[in-house]
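# Coordinates in review
Spelled out from the first residue to the last, the chains are:
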Amino acid sequence: MMTEEMFLIAKENLQTHIEIDREEKELKSLINPLHIWINRASAHICYHLIPLLTNGQIFGMGTEVSLHLLDRRSSKDELEGIVMETQDLASPTLRSVSFHTELDEVFLDADVIILLDDILQETIPTIEECIRQVTDQCEIYGPLIKKNAKSDVKIIVIGKTFVNLKALMLMRHAPSVNRRNIVTLAMLLESEAKAMLARKLQMHPAGIKNLLVWGNISGSSFVDLSKTELYRYDSAIWGPPSFFRPLLDVMFDREWMRTEFVVALSLLTSWGTHCLGMAPAHVIATVLRYWYQDSPPGEMVSLGVISEGQFGLPEDIVYSMPVRFENGNWKVFTEIEINEKMQEFLQILACDLIRVMSNYILACNIAPRILSHIFAHFPSKKPCFTPDVEYGWANPINFSDPYFPVLTVGCPQSLEGYKHPERIAP
C-alpha cells in the first residue's frame, strides 16, 4: 500500500521530470535544425538515403536535421511506414521526420531540397509530353521554393528524365534562389564507369580518380578518360600513395572500350532499368558531404551546373563539367586543358541540350528567340550539326580519337519502348 511519503516522492519525481523535459525542449528550440525536403519520398532510394542523411557524417554530429517527405496522396501509406522506420533508427542527429501530401506548406524553411525523378513512364508517350510534365512540375515547385524555402537553399536534381532541363526550369521559376545552388548529379554515371573499369583492371574502384562526365546527364553525355588517374594499381611500377598512372597508359584493350564498356554504360542508364537506390543515395550523400565539408584536394567531381561560358560553352545552360567544392561553394576546374577535338565534342553535347530546349519551347509555345540567343554563344553556330530523323542530331565528326570518349546521341521522337540514348564509341 502506498504511504503518504511515497506519494510525495512520486509527486516530486513527476515535477522534476516535467522540468527536465521543458528544459530539453527549450535547449532544442535554441538549435535550429537543418530542414531537408525530399520529393518522391516513397521511392526505394529513400530507404538508403535517409540513414545517410541522419548519421551525422554529412552535416556533422552537432547539426540536427528535420526530414520532410513529400509524395502523392496515393503514397500516404508508404510514407507513414517510412516515417515510423526513420524514427526507429533513433539517430542522435534526427530532430523530427514528417510526411506531406499537400502543397500548402511544401519546402517550408528548406535548407536542402532533393528532387528525385517524378516522371511516370507509363503515362508519357512522347518526348513533348514528357518535357511538358517536367516543366509543369517546375512551374509548381519553383514559386513554392521561392515563397517557402530559405534564400540560400541548396537544391539537388537527380533522375533519368531531362534533369538538366528540370534544373534550368527551376532556376527560371525560382529566381530568388542562387542559380549556383541548383545542381544535377553526374556522379552516378561516373561511379558506374569507375566500377566497370575497376573490374576490367582488377583493382579497387576507389583508386580511380578524375573520370569526368560532360554534357547532358540524362541525354547525350561524354565520358572523358583522358584525365583519369589510377592510384594503388598493381603493376610493374609502384610508388607511394600519391603516385598514380594515367588510365590510357595502362588500358590497352581499346576494342573493349569501344564495345563492351559503351554498351554496359548504355544499359545501366537506360530508361527501363530499375535501380534499388543504393548507388543514387550514396551519390547524393557524397555530393552533400562535399558541399558542406569540401571535396578531396585536387580531385575533380562531375556536376551539372549553370554554364557561365567556361570552356567556350554557351552561357545559361545546365551542363555537366568538372568542379571542386570549397567553403560551401563549387568552382569549375577551368585549369584543365581542352584541345580542339575535345572542344568539338563539348559543342556537340551543348547542341543536344539546345535541342532539348527547342523541344521545350515547341511544347510550351515559347518565343523561339530564346534559342537564337543561346545559339549566338556558339563559335561555329550550327554548321557542324545536321538534323536526324531518329536521333535528333547527327555527328559528322571523325571519331578517330586517342581519348576513346563515350558519346550519347540524342533522343528518339517517342518514349514508347525508349531505352536511354545510345552511347556510341568513336
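Our structure is the block above this text.
The shown structure was predicted, so the numbers you read here are calculated from the model rather than taken from an experiment.

Pairing within the open sheet is antiparallel, and its three strands lie in the order β7-β10-β11. Looking along the sheet, the strands with just one partner apiece sit at the ends: β7 (208-209) and β11 (244-246). Two elements, β7 and strand β10 (residues 229-231), share two bridges in a ladder whose sense is antiparallel. What sits directly across from Lys-209, in β10, is Glu-229.

Inspection of the secondary structure assignment puts Pro-296 in the loop between α10 (278-293) and β12 (301-306). Between the alpha carbons of Pro-296 and Glu-326 there is a distance of 9.5 Å; along the sequence they are 30 residues apart.

What follows is about unusual backbone geometry. Across residues other than glycine, the phi torsion is negative in most instances, and most of the peptide bonds are trans. Phi at Arg-232 takes a positive value of approximately 60°, unusual for a residue other than glycine. Mapping Arg-232 onto the fold places it in the loop between β10 and β11. Non-glycine residue Asp-316 carries a positive phi angle of around 65°. Note that Asp-316 resides in the loop between β12 and β13 (318-326).

With that out of the way, let us pick up the environment of Ile-348. Structurally, the position occupied by Ile-348 is in helix α11 (residues 340-364). Separated by 128 residues in the primary sequence, Ile-348 and Ser-220 place their C-alpha atoms 8.7 Å from one another.

Bringing helix α2 (residues 45-53) into the picture now. When α2 is considered as a whole, its buried residues turn out to be Ile-45, Cys-46, Leu-49, Ile-50 and Leu-53. Down the axis of α2, the buried set is contained in an arc of 115°. They therefore lie on one face. Looking at the packing, one finds that the buried side of α2 touches β1 (34-39), β2 (65-70), α3 (76-88), β4 (112-115) and α10.

Attention now moves to the side chain of Lys-194. Among the secondary structure elements, Lys-194 is positioned in helix α6 (residues 187-201). By relative accessible area, which is 11% here, Lys-194 ends up buried.

This part is about the packing of α2 against α10. Running from N to C, α2 and α10 cross one another at 30°; their axes reach a closest spacing of 8 Å. In terms of orientation, α2 and α10 fall into the roughly parallel class. In this structure, α2 crosses over α10, and the sense of that crossing is right-handed. Contacts from Ile-45, His-48, Leu-49, Leu-52 and Leu-53 of α2 reach α10 at Met-278, Pro-280, Ala-281, His-282, Ile-284, Ala-285 and Leu-288. Of the residues assigned to the contact of α2 with α10, the class counts are ten nonpolar, two polar and no charged.

Side chains three or four residues apart in an α-helix point the same way, a direct result of the helix having 3.6 residues per turn. With 13 residues, α3 extends 19 Å between its outermost C-alpha atoms, agreeing within 8% with the 18 Å of an ideal straight helix rising 1.5 Å per residue. Considered for burial, the residues of α3 that qualify are Leu-79, Ile-82, Val-83 and Thr-86. Angularly, the buried residues of α3 cover 100° about the axis, an arc narrow enough to put them on a single face. Structural note: α3 exposes Asp-77, Met-84 and Asp-88 on the side pointing more than 90 degrees away from its buried face. Buried residues along α3 sit in contact with α2, β2 and β3 (94-100). Directly after α3, the chain includes Ala-90, whose backbone phi takes a positive value near 50°.

In the structure shown here, the tally under the stated rule is nine aromatic pairs. Seen in terms of ring centroids, Phe-59 and Tyr-292 are 5.0 Å apart; in terms of plane orientation they differ by 85°. Their pairing is edge-to-face. With a gap of 233 residues between them, Phe-59 in the loop between α2 and β2 and Tyr-292 in helix α10 connect regions that are remote in the sequence. The rings of Trp-37, Phe-107 and Tyr-141 are connected pair by pair, giving a single aromatic cluster. Above the ring of Trp-330, the side-chain terminus of Arg-180 is found at 3.8 Å from the ring centroid.

A full pass over the atoms with the stated rule returns 13 salt bridges. Among the salt bridges present, the one from Arg-324 reaches Glu-335, with a minimum N-O distance of 3.0 Å. One end of the pair, Arg-324, is in strand β13; the other, Glu-335, is in the loop between β14 (329-332) and α11, with eleven residues separating them in the sequence. For Arg-324, a relative accessible area of 13% corresponds to the buried category. When salt bridges with common partners are traced through the structure, they connect Arg-324, Glu-326 and Glu-335 into a single cluster.

Procedures and definitions
- Residues numbered from 1 in each chain as written.
- Predicted model: local features only at pLDDT ≥ 70, side-chain atom pairs only at ≥ 80, totals over all residues.
- Heavy atoms only, no water.
- Pairing = 2+ DSSP bridges.
- Helix = DSSP H or I, 4+ residues; strand = E, 2+ residues; numbered from the N terminus.
- Buried < 20%, exposed > 50% of the residue type's maximum accessible area, 1.4 Å probe, protein only.
- Arc of directions from axis to C-beta.
- Contact = heavy atoms within 4.5 Å.
- Axes fitted to C-alpha atoms, helices over the stretch in contact; angles between N-to-C directions.
- Parallel < 35°, antiparallel > 145°, perpendicular 65-115°, else oblique.
- Left-handed = near helix turned anticlockwise from the far one by under 90°.
- Nonpolar A, V, L, I, M, F, W, Y, C, P; charged D, E, K, R; others polar.
- Expected span 1.5 Å × (residues − 1).
- Phe/Tyr/Trp six-rings, centres within 6.5 Å; stacked < 30°, edge-to-face > 60°.
- Lys NZ or Arg CZ within 6 Å of the ring centre and 35° of its normal.
- Salt bridge = Lys/Arg side-chain N within 4 Å of Asp/Glu carboxyl O.

Read these as geometric descriptors, not functional statements.
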